[in-house]
Amino acid sequence: MPLADHVIVTCEHAGNRIPARYAHLFKGCDALLASHRGYDAGAQRLAGLLAKRFGVEPIIYRFSRLLIDTNRSEHHPALFSDATRTLAAADRELLRANYYRPHRAAVVAAITEALSRHRCVLHLAAHSFTPVLDGVLRNADVGLLYDPKRTSEREFCHRLAERLRAAMPGLVVRRNYPYRGAADGLTTSLRARFARGRYLGVEVELNQALLTNKRGAQQVMSAIAQCSARVLRIERQER
């Protein structure tokens, strides 16, 4: 299994800010912006802990996904929300140019630069998910999303799940849940750009129900960061 000797940390849904020039589109939408549809609560904190553990600077996108979703491909139907989808084509292009592409370009640049110095990069993208969606309860505390066809990603997530369960008995950790890791997203697009022997893309999903207990959420996030580092150390030893 290729060894990841450097880590990149990103957060695509960190905040729910709306630039002043687009504020009129979201008038009366405060509750929506504060919900799981507006941003991933807790994800920025998770990204910060992961970045601190690996000694890197996280790449954070702080505007709301309802402005434009940086975790969707550029022509995905959900790239724009109901508030921005009806904008004129030129205005939608401005959103791509000013918000979407700069974040994606920053991630690509960080990976490219890291690969000039390292053999293989592990990209950890921090996310969170609502505990109930469309009336269905999500039965996991932590989800690890990856491409099952990529041995390195599958093995990393398998080992990380085992370590998390050992570190926090009772913690429900599921792989490729509540979403499929090979579905449309930033990591999926990057897999097409970088060789599988040099790039590993993993989305770490935290159940937002954990955030009701601030201390408990902090413990889970810290465990994710610590166990991720331990998995990589074990891989180095095996190599």
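A short tour of the structure in this document, coming up. (Residues numbered from 1 in each chain as written. Predicted model: local features only at pLDDT ≥ 70, side-chain atom pairs only at ≥ 80, totals over all residues. Heavy atoms only, no water.)

1. Overview of unusual backbone geometry
How we decide: Numbering goes from the N terminus for both helices and strands, where a helix is a DSSP run of H or I of at least four residues and a strand is a run of E of at least two.
Note the cis peptide between Tyr177 and Pro178, where omega equals 5°. Tracing the chain through its elements places Pro178 in the loop between strand S7 (173-175) and helix H5 (186-193). One non-glycine residue, Asp134, lies in the positive phi region at around 55°. Considering the arrangement of structural elements, one finds Asp134 in the loop between strand S4 (132-133) and strand S5 (136-137). With a phi close to 50°, Asn176 is a non-glycine residue in the positive phi region. With respect to the helices and strands, Asn176 occurs in the loop between S7 and H5.

2. Some words on the pairing of strand S1 (residues 6-11)
Using the following cut-off: Exposure classes here rest on a 1.4 Å probe applied to the protein chains alone. A residue is buried below 20% of its type maximum, exposed above 50%, and partly exposed in between. By definition, two strands form a pair when at least two bridges between them are found by DSSP.
The buried fraction of S1 is high, at six of six residues. Every second residue of S1 is oriented toward a common face, with His6, Ile8 and Thr10 on one face and Val7, Val9 and Cys11 on the other, all of them buried. Two strands pair when backbone bridges link them, and S1 and strand S3 (residues 121-129) are joined in this way by five bridges, in the parallel orientation. In the strand pairing of S3, His6 is matched with Val121. As paired elements, S1 and strand S2 (residues 59-60) share two bridges and run parallel to each other. What sits directly across from Cys11, in S2, is Ile60.

3. Some remarks on the sheet that holds strand S6 (residues 142-145)
Applicable threshold: In what follows, a contact means two residues having at least one pair of non-hydrogen atoms within 4.5 Å. Axes here mean lines fitted to C-alpha atoms, for a helix over just the part in contact, with angles spanning 0 to 180 degrees between N-to-C directions.
Spatially, S2-S1-S3-S8-S6-S7 is the arrangement adopted by the six strands of the open sheet, whose pairing is mixed. Lying at the two open borders of the sheet, with one neighbouring strand each, are S2 and S7. Strand direction decides the pairing type here: S6 and strand S8 (residues 199-207), joined by four bridges, are antiparallel. Bridge pairing in S8 places Gly143 opposite Glu205. Sheet strands in contact with H5 are S1, S3 and S8, and its direction is about 175° off that of S8.

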